[in-house]
Amino acid sequence: MLKPVSLLFLTLAFIVPLNVTSADDAKELRKQRQAAQKKRQAAKNERAREISEATKIFREFTRDLKNEYQLILKDLDTEFELRSVELQAEKDANIATAEAEFQKKWSTLFLRPEGNMSEEILKDIEKEGKAYADELFRIKKEAAEGLHKERMANEKKKHDLLDERDKKALDEAASLGLTKDFQPILATPIGGELTRQEEQWNQRENKEVVKLKERNLRTLKEFRNGEKLRAWERKNLEEDFKLKWDEKEEVHKLNIEQTFYNTLLLQSSQGTETNQQDIMAKFAEINKQNQLIKIKYRKIRQQNSIKRREEKKKILGQ
């Protein structure tokens, strides 16, 4: 029968080798995990280096690209300015001729042999004067539309060139890898499961690749949103031109009345029998309507300004 002491030594002989083996295994796992962590960190550093280098190359490329297109755009603007001077001079000459003709026609309307003017005659004068004034307004608006059309054509040419520039920039960004989705550099289980540190690494890495994509998109924002922003700006120019001439047309109708009653008041002071009190009341009404028109269009412009501010934010945020 084994003595107690012998039994103790026999037990230790079995236990000690098992503990040594477990310690060796744990040490080996730590070494493997450390090596994997070092490899992951090196890959992450290399990714950051590649993105930084690509961003630097992209910015140098787009700086040169912008300078190249800026020269072309400047030539287009110079060409348009020269053309607009011609159009403006032609427009002014046509309007001056039309205004002189209008003034002559308007003056002759009141040079009637009848002496005192009846209500029927005054209505005829007002009707004929309105026809002459409407024709003058049409000439002015038509001239303005011609100049506006040239301006919009120039804007479209410039914007087409900028669209072309942006495409070149985005093609370069894609070739540099700045438009791609980055795959996270994740830890994989060693020894059966992830450690707490490895789980935290994976969580950070999944967030990191999202941030990398967002950062690159911010770098490209100017070129990604340019085409949509410029189309939006052209639409606003068209709306503003229409709004301007809608207001002018409403004011024009009041100006016809103003001119008619001014002349009528002048005739009254020269002996023609008219009701001056009625004329002054008309002046007051015309002034009121003029103010209401200004208020109406100022309100529209202010509302447009607020709406457009939000629309621009939305475009730039895409």
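Not measured: the values here are computed from a predicted model.

The next subject is the overall build of the protein chain. Of regular secondary structure, the protein chain possesses four helices and zero strands. Listing each helix as α and each strand as β along the protein chain from the N terminus yields α-α-α-α. In the protein chain, which comprises 318 residues, the proportion classed as buried is 29%. In the form shown here, the protein chain has an accessible surface area of approximately 21,600 Å², with 54% of it arising from carbon and sulfur atoms.

Let us look at the packing of aromatic side chains. The final tally for this structure, using the stated rule, is three aromatic pairs. By way of ring pairs, the aromatic residues Phe137, Phe241 and Trp245 are connected into one cluster. In this arrangement the basic side chain of Arg40 is found over the ring face of Trp201, its NZ or CZ atom lying 5.4 Å from the centre. The ring of Trp201 has Lys44 lying over it, and the distance from NZ or CZ to the ring centre is 5.2 Å.

Among the surface-exposed residues, Arg215, Arg218, Lys221 and Arg224 lie close enough to one another that they form a single positively charged patch. Residue position: Arg215 is located in helix α3 (residues 196-269). Looking at Arg215, the relative accessible area reads 39%, which means it is partly exposed.

On to the nonpolar core. The biggest cluster of nonpolar side chains holds 18 residues, and the ones touching the most others in it are Phe102, Trp106, Phe260 and Tyr261. Dropping the residues within four chain positions of it, Phe102 is found in contact with Gly129, Tyr132, Ala133 and Leu136.

Attention now goes to the environment of Phe241. Relative to the elements of secondary structure, Phe241 occurs in helix α3. On the basis of relative accessibility, which here comes to 18%, the residue Phe241 falls in the buried class. Among residues more than four places away in sequence, those in contact with Phe241 are Ala144, Glu145 and His148.

To continue, consider the side chain of Glu205. Tracing the sequence through the fold places Glu205 in helix α3. By relative accessible area, Glu205 is classed as buried at 1%. Once you skip the residues sitting within four places of it in the chain, Glu205 turns out to touch Lys44, Arg47, Pro184, Ile185 and Leu186.

Approximately 390 Å³ is the volume found for the largest pocket. What lines the largest pocket is a set of 17 residues, among which Leu136, Phe137, Lys140, His252 and Asn255 lie closest to the centre. Put simply, the parts of the chain that give the lining of the largest pocket at least two residues each are α1 (4-109), α2 (119-175) and α3. The greatest single-element share of the lining of the largest pocket, amounting to seven residues, is contributed by α3.

Below, the discussion takes up the pattern of salt bridges. This model, assessed by the stated rule, comprises 29 salt bridges. With its nearest N and O atoms 4.0 Å apart, the salt bridge here joins Arg165 to Glu222. Linking Arg165 in helix α2 with Glu222 in helix α3, this pair joins segments that are 57 residues apart in sequence. Asp181 is the partner of Lys213 in a salt bridge, and the nearest nitrogen-oxygen pair spans 2.5 Å. Residue Lys213 is found in helix α3, and its partner Asp181 is found in the loop between α2 and α3; the two are separated by 32 residues along the sequence.

The subject of this paragraph is a negative patch on the surface. On the surface, Glu53, Glu60, Asp64, Glu68 and Glu164 cluster together into a negatively charged patch. In terms of residue count, α1 provides more of the negative patch than any other element does, four residues in total. Judged by its relative accessible area of 42%, Glu68 falls in the partly exposed class.

With that settled, consider the confidence of the model for the protein chain. Parts of the model with low pLDDT should not have their predicted coordinates read in detail. Chain-level statistics for the protein chain give a pLDDT mean of 85 and a share of 85% at 70 or above. Within the protein chain, the element-level pLDDT minimum falls on α1, averaging 83, and the maximum on helix α4 (residues 276-316), averaging 90.

Glancing now at the side chain of Arg234. Along the chain, Arg234 turns up in helix α3. Within the buried set, Arg234 has no salt-bridge partner at all; the shortest N-O distance to an opposite charge, 5.5 Å, is to Asp163. Within the structure, the side chain of Arg234 is placed 2.9 Å from the side chain of His159, a separation counted as a polar contact. Not counting chain neighbours up to four residues away, the residues in contact with Arg234 comprise Met152, Lys156 and His159.

Conventions adopted
- Residues numbered from 1 in each chain as written.
- Predicted model: local features only at pLDDT ≥ 70, side-chain atom pairs only at ≥ 80, totals over all residues.
- Heavy atoms only, no water.
- Helix = DSSP H or I, 4+ residues; strand = E, 2+ residues; numbered from the N terminus.
- Buried < 20%, exposed > 50% of the residue type's maximum accessible area, 1.4 Å probe, protein only.
- Areas by Shrake-Rupley, 256 points an atom, 1.4 Å probe, with all protein chains shown as cover.
- Phe/Tyr/Trp six-rings, centres within 6.5 Å; stacked < 30°, edge-to-face > 60°.
- Lys NZ or Arg CZ within 6 Å of the ring centre and 35° of its normal.
- Patch = residues over 30% accessible without salt bridge, like charges linked within 9 Å, V, L, I, M, F, W, Y side chains within 5 Å.
- Salt bridge = Lys/Arg side-chain N within 4 Å of Asp/Glu carboxyl O.
- Lys, Arg positive; Asp, Glu negative; His and termini not counted.
- Charge placed at Lys NZ, Arg CZ, Asp CG, Glu CD.
- Core = buried A, V, L, I, M, F, W, Y, C linked by side-chain atoms within 4.5 Å.
- Contact = heavy atoms within 4.5 Å.
- 1 Å grid on protein atoms, 1.4 Å probe; cavity = no way out; pocket = protein on both sides within 12 Å on 5 of 7 lines; lining within 4 Å.
- Points joined across faces, edges and corners; volume = space filled by probe spheres on them.
- pLDDT = per-residue confidence, 0-100.
- Polar contact = N/O pair within 3.5 Å; in protein donor to acceptor, adjacent residues only side chain to side chain.

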